[in-house]
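# Per-entry structural report
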Amino acid sequence: MSIKRPTNPFYNARKLKLGSFSINLHYGAAATTIDGTHKAEWPSIKALAKLHDDMEFEAIVPVARWRGFGGATNFAGPGFETYTFAAGVGAQTTYPTAVATSHVPLVHPIMAAKQMITIDHITGGRSALNIVTGWNRPEIEMFGVALREHDERYDMAVEWLTIVKRLWTEGSEFDYEGRFYKINKGYAEPKPIQKPYPPVMNAGGSERGRHFVAKYCDMAFIAPKTREFAGLKKMVDDYRDLARNEYGNEIEVWTNAYVVQGETEKEAREFLDYYVNQKGDWEAATQLIDTMGINAKTFTDEQLRGMKSHFIGGWGGFPLVGTKEQIVEMLGKLSGCGFNGVLLTFARFQEDMVKFRDTVYPLLVQAGLR
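Conventions used here
- Residues numbered from 1 in each chain as written.
- Predicted model: local features only at pLDDT ≥ 70, side-chain atom pairs only at ≥ 80, totals over all residues.
- Heavy atoms only, no water.
- Helix = DSSP H or I, 4+ residues; strand = E, 2+ residues; numbered from the N terminus.
- Rg over C-alpha atoms; globule rule 2.2 N^0.38 Å.
- Buried < 20%, exposed > 50% of the residue type's maximum accessible area, 1.4 Å probe, protein only.
- Contact = heavy atoms within 4.5 Å.
- Areas by Shrake-Rupley, 256 points an atom, 1.4 Å probe, with all protein chains shown as cover.
- Lys, Arg positive; Asp, Glu negative; His and termini not counted.
- Charge placed at Lys NZ, Arg CZ, Asp CG, Glu CD.
- Polar contact = N/O pair within 3.5 Å; in protein donor to acceptor, adjacent residues only side chain to side chain.
- Phe/Tyr/Trp six-rings, centres within 6.5 Å; stacked < 30°, edge-to-face > 60°.
- Salt bridge = Lys/Arg side-chain N within 4 Å of Asp/Glu carboxyl O.
- Patch = residues over 30% accessible without salt bridge, like charges linked within 9 Å, V, L, I, M, F, W, Y side chains within 5 Å.

## Let's talk about the overall build of the chain
Helix and strand counts for the chain stand at 12 helices and 11 strands. Its C-alpha atoms give the chain a radius of gyration of 20 Å, within 12% of the compact-globule value 21 Å for 370 residues. The principal-axis extents of the C-alpha atoms in the chain amount to approximately 60 × 45 × 45 Å. Split into buried and exposed, the 370 residues of the chain put 57% on the buried side. Looking at the chain alone, contacts between residues at least 24 apart form 75% of all its contacts between residues at least 6 apart. Carbon together with sulfur atoms contributes 51% to the accessible area of the chain, which is approximately 15100 Å² in total. Where the 43 positive side-chain charges of the chain centre and where its 44 negative ones centre are 2 Å apart.

## Some words on the environment of His-38
Position of His-38 among the secondary structure elements: in the loop between β1 (17-21) and α1 (42-55). On the accessibility criterion, His-38 (5% relative accessible area) is buried. Beyond its immediate stretch of four places on either side in the chain, His-38 contacts Ile-23, Leu-25, His-26, Tyr-27, Gly-28, Ser-44, Ile-45, Leu-48, Ala-347 and Phe-349. A distance of 2.7 Å separates a polar side-chain atom of His-38 from the backbone oxygen of Ile-23.

## Re the packing of aromatic side chains
Under the criterion given, the structure shown has 17 aromatic pairs. When the centroid spacing of 5.1 Å and the interplanar angle of 80 degrees are considered together, the rings of Trp-66 and Phe-143 count as edge-to-face. One end of the pair, Trp-66, is in the loop between β2 (59-61) and α2 (82-91); the other, Phe-143, is in the loop between α4 (137-142) and α5 (150-169), with 77 residues separating them in the sequence. For Trp-66, a relative accessible area of 34% corresponds to the partly exposed category. Since its relative accessible area comes to 37%, Phe-143 is described here as partly exposed.

## Thoughts on the side chain of Gln-194
Tracing the chain through its elements places Gln-194 in the loop between β6 (182-186) and β7 (200-202). Of the residues examined, Gln-194 reaches a relative accessible area of 1% and is grouped as buried. In this structure the side chain of Gln-194 is engaged in a polar contact, spanning 2.9 Å, whose partner is the backbone oxygen of Ser-127. When near neighbours in sequence (up to four residues on either side) are disregarded, Gln-194 contacts Arg-5, Thr-7, Asn-8, Asp-120, Gly-125, Arg-126, Ser-127 and Pro-199.

## Side note on the pattern of salt bridges
Side chains that carry opposite charge are capable of pairing whenever their charged atoms lie near each other. Taken as a whole, this structure holds 25 salt bridges when the rule is applied. Its salt-bridge partner being Glu-58, residue Arg-14 comes within 2.9 Å of it at the nearest N-O pair. One end of the pair, Arg-14, is in the segment before β1; the other, Glu-58, is in the loop between α1 and β2, and 44 residues separate them in sequence. We classify Glu-58 as buried; its relative accessible area is 0%. Residue Arg-65 pairs with Glu-139 through a salt bridge whose shortest N-O separation is 2.8 Å. Taken together, the residues Arg-65 in the loop between β2 and α2 and Glu-139 in helix α4 connect sequence positions 74 residues apart.

## Re a nonpolar patch on the surface
A contiguous nonpolar surface patch, about 280 Å² in accessible area, is contributed by Trp-66, Met-142 and Phe-143. Looking at where Met-142 falls in the secondary structure, it is placed in helix α4.

This is the structure:
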């Protein structure tokens, strides 16, 4: 059973928790050439971190990215490493959980455990670990490491996380010898503030990935593969039931969404069309789809364009497009699907997040979602 950690806002009593996604990267999650997009510069990140405190957002989740996807923006290329990023934003905030996103094959488990202990102490027990098993071949191979077969990546992640958790919890030294790792007299002190350890998240979407999350993790991050609320509810229910019924584990389920707000729905949709269709980096979106291994031949041109447009709009998240009232209504429906939280992104991150704070957030409180 998952253990509640009193210092971590992931476990507060709010009906719908909120966070941000990818503020450690240039452009955030919007692959567009419009003016006013987010830049991975510390003054900008510090200003966004304050907005998280202003609204008591529960999470700041960075994307572990080592190279970009080309195009006019080199989308997701320039950016900050996520462990040091989490330590930095954690030190400059008082409320949100500072999440570190870690590639299993690129960070040794002893290093990962020690870095997370450090972040947990810096934040007073407001850290979490988001595990990535690795899918981006050019990134992995940049390190001189082979991209393993899909299920083997999760086999490696099981060993990796087992070692990390033992370092977080065991008081005496231990040896470990598995298929992927050998540990001689493993040791880590001090221990994390959070007991038994900081919560762990993974975005397992495959059957193997879902079982990994259901058995070993505290939180599932799932991509909204449909825009239909009934379909999303089934995804959430199936994931939570798998964890509960097969592994006796109670998990939180999160997703991501991009916010496009206007005074009218027409205004919001016109801005979405502007930054995606007119000013979007379609070359980068194409490279992203290719790198993910999505077979373009299995989709119609219209379906493929729609997929790319959602990645340009906000990394494939759920589109929250409309007036402040419509955005609140849609967030309420996502909550009704069973999502514990939603990670938000904005095309013009700082400008749009200020507008969200001043106009949408009070309505979320009024609606009982916050």
